[in-house]
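What the coordinates show
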Amino acid sequence: MTLNTEDAIGVVEARMGDARAELEALVRIPSISASPEHRATVRQSAEATAALLTRSGLENVHLASIDGSHPNVIGEWMHAGPDAPTVLLYAHHDVQPPGLVERWTSDPFEPVERDGRLYGRGSADDKAGAVAHATAVAAWLESEGALPCNVRVLVEGEEEIGSPTLHAFLTERLDELRSDVLVLADAGNWSVGTPGLTYSLRGLASADIALRALDGPVHSGMAGGAVPDPVMGLARVLASLVDEYGDVAIDGLWDDVRPLTPAEAEPIAGFDDTPEAFARAMGTRAGVQLAGDPDVPLHARLWNRPAITVIGIDGHPIAGSSNQIVARAAARLSLRLAPGQDPVRAVAQLRAHVEQRVPWGLELSFRAHGGAPAWETEPTGAAFEAAKRALRAGFGVDPVLMGVGGSIPFVGPFADAFGGIPALLLGPADPRSRIHGEDESLHLDDWRKLIRSEVYLLAELSETASRATR
Ligand SMILES: [Zn+2]
């Protein structure tokens, strides 16, 4: 059966108004997976997503969960024949909390368009991904009555809390979800107008360290000079975690950071955004230097090397402080890991480093939190070539093969459960989308181009597979 891709593309263009309305309806449902009081709302979002997938023409659409998890939504269309590949389309329907509502220009759960962008929590991350999958499927079924490949769809309900049950879910439903290629629409574009295809993510590890000197606070005049200050002790430990450039200085942590391959280094060297432009985009204050070895290219620092951040610190707040030595000081550390690094090993290295540097016999407590491994894939092979062609056709511009400094915990479980099948990580966000922040937004025309790309991608993947098996 030959299918006409351009007819399906025509349907995408005609359906964009409907797609936009579908997206707005989903954004109005505050599906905050981190918030226990939004449990019913996350379910409502799952039900709305299921209705959307059913309207797109997918079959066997239903809610599915495991171990009391928030509901995932799955569906499929499996009539392309046994020789056609099966593509799993992933997105998630839960969202981050809105943050500080007063910092939003408009209501986070009432979508509003300004300057070609749709503002609202989940507009980009990742309800746009879910609607993109549904629209691409609907475009094929409406124009051709068929899809070029077998398609399975999984829209997760708890990505924003770190996909705690995804691995168990995928393992339990392996037969129902088994696929040849993954298309994960929860990442983003290089810039507005230029698509991205992500091939590496940093890992994440975190831990709390607390130093205690006293049973309770004591007067700093009566005891200062003799009783050690745990805040100063903590400061000494924290200062030892980075070198003069701000690069991580944890003992042994660099042992398993591998150098860039030529295939990674070459495009990074060619990126034309300078450290100065990056600093401006981040809003760093005048005179502030970027961290990291200045001899290492900016994107290698962001994608391929570890970094450490103090994300919380306890002593005594300045307001209400008095002349006391506090009993205890603590910090929460977040460690980004280079591709190839193991979060368990990294936390063990952090712990050993800290234990050796606690001054004055202060009492240390060290608590590790769950981490996520880094992820990387070789951006070569038939599926990647298909994705590059599809993104070029959808956007009119070649995609940038990119790393991402952040971590997406769901990618690891997929890699484990499906064992090395190609994973194509793309998505609707761009550097201005402020995902997880206030005023999250989606660039509407790039979203249209992403949906066009998905239509091309299904055709490209089917041809690739049939070429490979012939
Ligand atoms: Zn997301």
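To start, this report covers the structure provided alongside it. Computed from a predicted model, the values in this text were never measured in an experiment.

Details of the packing of aromatic side chains
Within this structure, the stated rule accounts for 7 aromatic pairs. Seen from their ring centres, Y90 and F414 are 5.4 Å apart, and the 80° between their planes marks the pair as edge-to-face. Of this pair, Y90 sits in strand β3 (residues 86-92) while F414 is found in helix α13 (residues 411-418), placing the two residues 324 residues apart along the sequence. Each of the two residues, Y90 as well as F414, counts as buried. When the ring of F271 is compared with that of W303, the centres are 5.8 Å apart and the planes differ by 75°; the resulting orientation is edge-to-face. Here W303 lies in helix α10 (residues 298-303) and F271 lies in the loop between α8 (262-270) and α9 (275-282), a separation of 32 residues in the sequence. The exposure class of W303 is buried, given its relative accessible area of 5%. An aromatic cluster is built from Y90, F410, F414 and F418, whose rings are joined through pairwise contacts. The ring centre of Y119 lies 4.0 Å from the NZ or CZ of R114, which sits over that ring.

Notes on the side chain of D439
Residue placement: D439 occurs in the loop between β17 (423-426) and β18 (441-443). Buried within the structure, D439 lacks any salt-bridge partner; its nearest side chain of opposite charge belongs to R114, at an N-O separation of 4.0 Å. A distance of 2.7 Å separates a polar atom in the side chain of D439 from a polar atom in the side chain of T105. Contacts of D439, omitting those with residues within four sequence positions, involve R103, W104, T105, S106, R114, Y119, S433 and R434.

Thoughts on unusual backbone geometry
The omega torsion across D125 and D126 is 0°, close enough to zero to call that bond cis. Mapped onto the secondary structure, D126 falls in the loop between β5 (117-119) and α3 (127-144). In this model, D115 sits at a positive phi of 50°, which is unusual for a non-glycine residue. The topology assignment puts D115 in the loop between β4 (112-114) and β5. We classify D115 as exposed; its relative accessible area is 80%. Unlike most non-glycine residues, D439 shows phi in positive territory, near 60°. The exposure class assigned to D439 is buried, which follows from its relative accessible area of 13%.

Some points on the coordination of the zinc ion
At this site the zinc ion is bound by H92 (NE2), D125 (OD), D186 (OD) and D186 (OD), with donor distances of 1.8 to 2.6 Å. Between the 4 donor atoms coordinating the zinc ion, the angles at the centre fall across 53 to 147°, so the site counts as irregular.

Overview of the environment of L298
Among the structural elements, L298 can be located in helix α10. Put simply, L298 and F278 are 20 residues apart on the chain and 8.7 Å apart in space, counted from C-alpha to C-alpha. Dropping the residues within four chain positions of it, L298 is found in contact with T274, P275, F278 and L290.

A short note on the packing of helix α1 (residues 5-27) against α3
The contact between α1 and α3 brings their axes to 8 Å, and the two run at 140°. With respect to the hand of their crossing, α1 and α3 are arranged in right-handed fashion. Here T5, D7, A8, V11, V12, R15, A19, E22, L23, L26 and V27 of α1 lie close against α3, whose contacting residues are K127, A128, V131, T135, A138, A139, W140, E142, S143 and E144.

So, the sheet that holds strand β14 (residues 363-372)
A sheet is described by the order of its strands in space; here 4 strands give the open sequence β11-β13-β9-β14, paired in antiparallel fashion. The open sheet terminates on both sides in strands that have one partner only, identified here as β11 (307-314) and β14. Each adjacent strand pair in this sheet contributes to an overall mean axis angle of 20°, direction not counted. Of the strand pairs in this sheet, strand β9 (residues 203-212) and β14 are connected by 8 bridges, and their pairing is antiparallel. Bridge pairing in β14 links I209 to F366. Across the face of the sheet, helix α11 (residues 343-355) comes into contact with β9, β11, β13 (328-337) and β14 while running at roughly 165° to β14.

Quick notes on the sheet that holds β4
Taken together, the 3 strands give an open sheet; going across it, the order is β4-β5-β18, and neighbouring strands pair in antiparallel fashion. Here the strands that pair on one side only, and so sit at the sheet edges, are β4 and β18. The mean angle between the axes of side-by-side strands here comes to 30°, regardless of whether they run parallel or antiparallel. In this sheet, β18 lies alongside β5 in antiparallel orientation, the contact comprising 3 bridges. In the sheet register, Y119 faces β18, and the bridge partner there is S441.

Details of the environment of A291
Relative to the elements of secondary structure, A291 occurs in the loop between α9 and α10. Taking the C-alpha atoms as reference, A291 lies 9.9 Å from D243; in sequence the two are 48 residues apart. Apart from the residues within four sequence positions on either side, A291 is in contact with Y245 and R301.

What counts and how
- Residues numbered from 1 in each chain as written.
- Predicted model: local features only at pLDDT ≥ 70, side-chain atom pairs only at ≥ 80, totals over all residues.
- Heavy atoms only, no water.
- Phe/Tyr/Trp six-rings, centres within 6.5 Å; stacked < 30°, edge-to-face > 60°.
- Helix = DSSP H or I, 4+ residues; strand = E, 2+ residues; numbered from the N terminus.
- Buried < 20%, exposed > 50% of the residue type's maximum accessible area, 1.4 Å probe, protein only.
- Lys NZ or Arg CZ within 6 Å of the ring centre and 35° of its normal.
- Lys, Arg positive; Asp, Glu negative; His and termini not counted.
- Salt bridge = Lys/Arg side-chain N within 4 Å of Asp/Glu carboxyl O.
- Polar contact = N/O pair within 3.5 Å; in protein donor to acceptor, adjacent residues only side chain to side chain.
- Contact = heavy atoms within 4.5 Å.
- Donors = N, O, S within 2.8 Å, 3.2 Å for Na, K, Ca; no water.
- Tetrahedral: all angles 85-135°; square planar, octahedral: opposite > 155°, others 65-115°.
- Axes fitted to C-alpha atoms, helices over the stretch in contact; angles between N-to-C directions.
- Left-handed = near helix turned anticlockwise from the far one by under 90°.
- Pairing = 2+ DSSP bridges.

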